[in-house]
Amino acid sequence: MQQKVYYVTSNRGKVREAKRLTSHEFTLIKIIDRNAELEEIQTFDEKTVIEHKAQQAWQAVQAPCLVDDAGFYLKKYGFYPGTLAKPTAISLGWEGIYRLIDDDNRVTIYCRICFTEDGINFHHFRADTDGEIITPPSLELLNSRGFASIFRPTGSRFTYLQMAGKPEANEYYHRTKALKKFFTWYEDQLRQRGITAEDDDYGSFNDSEE
Amino acid sequence: MSNMVSTLLFVTEKEAIFDQVNAFFKIHAPQIELVFKAPLWHELQSLEEERVIQHKAMRAWNHFRQPLIVEDSGFYFKRYPDFPGTLSEFALSGLAREGISKLCRADNQANAFSWIGYIGQTNADCYFNARVDGYIIDEFAPETQTNFDMTPVFHPEGSTKTLQQLIGTEKEAQFSPRLKACKKFTNWYFDLPEDV
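Below is a summary of the structure that appears in this document. (Residues numbered from 1 in each chain as written. Chains lettered and ligands numbered in written order. Predicted model: local features only at pLDDT ≥ 70, side-chain atom pairs only at ≥ 80, totals over all residues.)

What follows is about the overall build of chain A. When helices and strands are tallied, chain A shows six helices and seven strands. Traced from its N-terminal end to its C-terminal end, chain A shows the element sequence β-α-β-α-β-β-α-β-β-α-β-α-α. For a compact globule of 210 residues, the expected C-alpha radius of gyration is about 17 Å, and chain A comes in at 18 Å, within 12% of that figure. If one aligns the C-alpha atoms of chain A with their principal axes, the spans along those axes are about 55 × 35 × 30 Å. Put simply, chain A has 210 residues, and 38% of those count as buried. For chain A, the share of sequence-separated contacts (at least 6 apart) that also reach a separation of at least 24 residues comes to 64%. (Helix = DSSP H or I, 4+ residues; strand = E, 2+ residues; numbered from the N terminus. Rg over C-alpha atoms; globule rule 2.2 N^0.38 Å. Buried ≥ 20, exposed ≤ 12 C-beta atoms within 10 Å, placed from the backbone. Contact = placed C-beta atoms within 7 Å.)

In structure tokens form, the structure reads like this:
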């Protein structure tokens, strides 16, 4: 039997990405889509923010579940905006962001995954990618595709948007890396409990329940 | 208000804010004794002022179950009309003087706001807010990333001092959005006209 894990998020694209990974590489795990808006709290502490989300997710499904939280740090400002990256980018806007980084465009983007099987113990997995915010190719692209169109990881010639769907994305995407860390750890846990690939129920392979 | 209470909890993270509001109440509402209580939770992450103050009030009420007030303050750059708002303290401490200076260089005009939320009993919550135009004075921001609010850097229009410099002066109630919101609350509480 595959172990069901609920991915509690309001973003269907994230669930698709997790399912793509489990169907190819981590076949002991079956991702179940649970659409939910989770309340976020206001603090710079990454672990506090994501555990608050994981507690809500557990309340919603009462079953093994994972949540994610992502953000970025502007190198020039150390810990800022971090967990508040999304509301900061929305409220300040790109013009303001570019003003803040006019002499240092280095940025670190991160993704954190929090998983719980019992609502008591929370397991954390984190990955980050260093890079830079480049001048937008066009304002239309920036407004329509956002951060992905201007973030270029260190060591790559491509932005996140340009590498979408290419093998290179697996090397750089912060969420992909964090999910892989979790899936690797969890499959190891499952094997220790005696669950093996031979037990897999391929008939309902990665179906969505919701 | 007929059911007057003599004691009101003021649930706030900062003792300095408690001291400022308490000094105002001692003069303008001596019938109310404020008691300091620190929240044991984080506030909601939202750009909507009303959602943040309501969440603060409800969380406090659910915990203490006693008549109480909560407070939330911040400012907006005129050039960035949604920023930093409810994220003000985080933006100020995260950006420190250098980041704030970059934003001020474009335009340092700003608008400060304060909310007071009151809950006297279940399903009886009321909210009061005040806004003041002014400027952000970046040179008064700490050089290092330390936790601070807008008080030292916000300079109300028409004043010769920042909010920090106004504390304890005769002009404080005229320019401080926090005390203006307090005044709206106490006028409502004692059933007085708004402009008294």
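Counting secondary structure elements, chain B contains six helices and six strands. When the helices and strands of chain B are listed from N to C terminus, the series reads β-α-β-α-β-α-β-β-β-α-α-α. By the compact-globule yardstick of 16 Å for 196 residues, chain B fits well, its C-alpha radius of gyration being 17 Å. Structurally, chain B occupies a C-alpha span of about 50 × 35 × 25 Å along its principal axes. Taking all 196 residues of chain B together, the buried fraction comes to 40%.

This part covers the interface of chain A and chain B. Taken together, the contacts link 23 residues of chain A with 19 residues of chain B. By residue number, the principal contributor to the side of chain A that touches chain B is helix α3 (residues 85–100) of chain A, which donates nine residues. Along the lines of polarity and charge, the residues of the side of chain A that touches chain B split into 11 nonpolar, eight polar and four charged. (Nonpolar A, V, L, I, M, F, W, Y, C, P; charged D, E, K, R; others polar.)

Looking along the chain, the bond that leaves Y80 of chain A and enters P81 of chain A is cis, with omega of -5 degrees. Mapped onto the secondary structure, P81 of chain A falls in strand β4 (residues 81–82). Positive phi values are uncommon outside glycine, yet R65 of chain B reaches one of about 55 degrees. Topologically, R65 of chain B is positioned in the loop between α2 (49–64) and β3 (68–77).

Residue and element names in this part refer to chain B. Reading across the sheet, the six strands line up as β2-β1-β3-β4-β5-β6 and stay open at both edges, with mixed pairing between neighbours. At either margin of the open sheet sits one strand with a lone partner, and together these are β2 (33–37) and β6 (154–156). Neighbour to neighbour, the strand axes of the sheet diverge by 40 degrees on average, direction disregarded. As judged from the three bridges shared by strand β5 (residues 124–136) and β6, these two strands associate in the antiparallel manner. For I136, the partnering residue across the bridge sits in β6 and is F154. On the sheet, helix α6 (residues 177–189) packs against β3, β4 (109–121) and β5 and is oriented at approximately 150 degrees with respect to β5. (Pairing = 2+ DSSP bridges. Axes fitted to C-alpha atoms, helices over the stretch in contact; angles between N-to-C directions.)

This brings us to the nonpolar core. Nonpolar side chains in soluble globular proteins tend to end up buried together. Grouped together as the largest cluster of nonpolar side chains are 98 residues, with contacts concentrated most on V5, Y7, L66, I113 and F182 of chain A together with I100 and F154 of chain B. No other element matches helix α3 (residues 88–106) of chain B, which puts eight residues into this core. (Core = buried A, V, L, I, M, F, W, Y, C linked by C-beta atoms within 7 Å.)

Residue and element names in this part refer to chain A. Judged by how many residues are buried, strand β5 (residues 106–116) sits mostly within the fold: eight of 11 residues are covered. Alignment of strand β3 (residues 65–74) against β5, held across 10 bridges, turns out to be antiparallel. Note that in β5 the partner of G71 across the bridge is Y110. Summarising the sheet, β5 and strand β6 (residues 122–133) pair through 11 bridges and their orientation is antiparallel. Looking across to β6, one finds that R106 is bridged to E132. Where β5 folds back on β6, the antiparallel hairpin that results is connected by five residues, among which G119 adopts a positive phi of roughly 75 degrees.

This paragraph deals with the environment of E40 of chain A. Tracing the backbone through its elements, the reader meets E40 of chain A in the loop between β2 (29–35) and α2 (46–61). The exposure class assigned to E40 of chain A is buried, which follows from the 20 C-beta atoms found within 10 Å. Along the backbone, E40 of chain A and H24 of chain A are 16 residues apart, and their C-alpha atoms lie at a distance of 32 Å. Each residue touching E40 of chain A, except ones within four places of it in the same chain, is listed here: V49 and K53 of chain A together with Q45 of chain B.

On to helix α6 (residues 174–192) of chain A. All names here are of chain A. In a regular helix each residue adds 1.5 Å, so 19 residues correspond to 27 Å; α6 covers 28 Å between its end C-alpha atoms and thus fits that length. Contacts made by the buried residues of α6 are with α1 (12–24), β2, β3, β5 and β6. Of the residues one or two after α6, G194 is the one with positive phi, at around 95 degrees. (Expected span 1.5 Å × (residues − 1).)

Residue and element names in this part refer to chain B. As for its placement among the helices and strands, N147 is situated in the loop between β5 and β6. Judged by the 13 C-beta atoms lying within 10 Å of it, N147 falls in the partly exposed class. In sequence terms N147 and I119 are 28 residues apart; their C-alpha atoms lie 28 Å from each other. Setting aside residues up to four positions removed in sequence, N147 forms contacts with E89 and S93.

For the rest of this paragraph, the subject is the packing of α1 of chain A against α6 of chain A. All names here are of chain A. Here α1 crosses α6 at 50 degrees, and the two axes come no closer than 11 Å. Considering their axes alone, α1 and α6 lie oblique with respect to each other. The two elements α1 and α6 meet at a crossing, and its hand is right-handed. Here K14, E17, A18, L21 and T22 of α1 lie close against α6, whose contacting residues are R175, T176, L179, K180 and F183. Looking at the contact of α1 with α6 residue by residue, the class counts come to four nonpolar, two polar and four charged. (Parallel < 35°, antiparallel > 145°, perpendicular 65-115°, else oblique. Left-handed = near helix turned anticlockwise from the far one by under 90°.)

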